[in-house]
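# Architecture at a glance
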Amino acid sequence: MGPRGSGPLSCLWGGVLALILGCASVPEGKSERSPQYPLWFLEQGKLGSGYGVGYSQAYARRDTAVAQALRDAAWRIVCSRRVYVEAEQGFTEDALGKHFHGERYRIAVDTTQVEALLKELKTLDFAEVGNMAIVLAGKEPPPSVCTARTEMPSSAPGWTTTPPRKSGWIYAVGMAPRYFYLYNSWKHAEREAYLELARVVGLQVWNLRKARRGWGLEGVQVTESRAVLSGVEVIARWKDTVKGVFYVLVRMPFSGG
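### Topic: the pattern of salt bridges
Oppositely charged side chains can form a pair if their charged atoms are brought close together. According to the stated counting rule, one finds 12 salt bridges in the structure shown. Between Arg 149 and Asp 125 there is a salt bridge; the shortest N-O distance is 2.7 Å. One end of the pair, Arg 149, is in strand 7 (residues 149-151); the other, Asp 125, is in strand 5 (residues 122-129), and 24 residues separate them in sequence. Overall, the relative accessible area of 34% leaves Arg 149 in the partly exposed class. Judged by its relative accessible area of 15%, Asp 125 is buried. A salt bridge links Glu 196 to Arg 199; the nearest nitrogen and oxygen atoms lie 3.1 Å apart. Remark: Arg 199 and Glu 196 occur in helix 5 (residues 182-201); sequence separation between them is three residues, near one turn of the helix. When its relative accessible area of 15% is taken as the criterion, Arg 199 is described as buried. Through salt bridges with shared partners, a single network forms among Asp 72, Arg 76, Glu 190 and Arg 237.

Spelled out as structure tokens, the structure:
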């Protein structure tokens, strides 16, 4: 019997082994090409009014994802026009510090407006990023520059740590962790931005402090926010790929009266 590896079968196995080793050399969670995001997603503020961005899970059938994301876009456009936000957070405070004990919230819109708007909206652009599908919805085509694709910037925009300050506007940043389905991370970050706006506009705080024998001073704090938000705009989105944190910047006109 001759030496192993001299026949065509060995060549086949050699090719398979090389393919496996080649794949193994790519670090986990990395790909040869970074995801491409539409500019209208990363810098939605450049679109102007009349547009909405909707999120969805990516499905095997694209039309299913588009329909779901389009409905989500309609809901978000209605939210941007006028939305009622109510949120409540509970904390306790003791010798060890302040402890968060949970939050409840409610975001309410006129659903009849969502259904009516859905009949008028068009899907102007569509993209899939990982397991997420996103659509740009509106009635008129967006500026062509906004449909360009680009990678997520590696450096954090300044607004992630210091929101802009501009007369006549309130800015807020929402953050969310990395969930399995990417669209959930972006939706939750946007929701947190709305809740932060509500805290700024309509925050009330109740403090209850009592002394327990031998335990010192114990405090209970409840913060409640109730506000009607009008004219909210999503300005920008950014993802910290290292820490897995998602950021959304929003703003709302505010007279301060």
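What follows picks up the thread again.
### Considerations on the packing of aromatic side chains
Evaluation of the coordinates by the stated rule reveals seven aromatic pairs. Note on Trp 186 and Phe 246: the rings are 4.9 Å apart at their centroids and 85° apart in plane angle, and the pair reads as edge-to-face. You can see Trp 186 sitting in helix 5 and its partner Phe 246 sitting in strand 12 (residues 245-253), a full 60 residues away along the chain. For the pair formed by Trp 186 and Phe 246, the shared burial category is buried. Each ring, one from Trp 238 and one from Tyr 247, has its centre 5.7 Å from the other, and the planes form 40°; the classification is tilted. Each member of the pair, Trp 238 as well as Tyr 247, carries the same accessibility label: buried. Taken together through their ring pairs, the aromatic side chains of Tyr 37, Phe 41, Tyr 55, Trp 186 and Phe 246 make up a single cluster. Its end group placed over the ring of Phe 41, Arg 237 keeps NZ or CZ at 4.5 Å from the ring centre. Lying across the ring of Trp 169, Arg 251 places its NZ or CZ 3.7 Å from the centre.

Analysis parameters
- Residues numbered from 1 in each chain as written.
- Predicted model: local features only at pLDDT ≥ 70, side-chain atom pairs only at ≥ 80, totals over all residues.
- Heavy atoms only, no water.
- Salt bridge = Lys/Arg side-chain N within 4 Å of Asp/Glu carboxyl O.
- Helix = DSSP H or I, 4+ residues; strand = E, 2+ residues; numbered from the N terminus.
- Buried < 20%, exposed > 50% of the residue type's maximum accessible area, 1.4 Å probe, protein only.
- Phe/Tyr/Trp six-rings, centres within 6.5 Å; stacked < 30°, edge-to-face > 60°.
- Lys NZ or Arg CZ within 6 Å of the ring centre and 35° of its normal.

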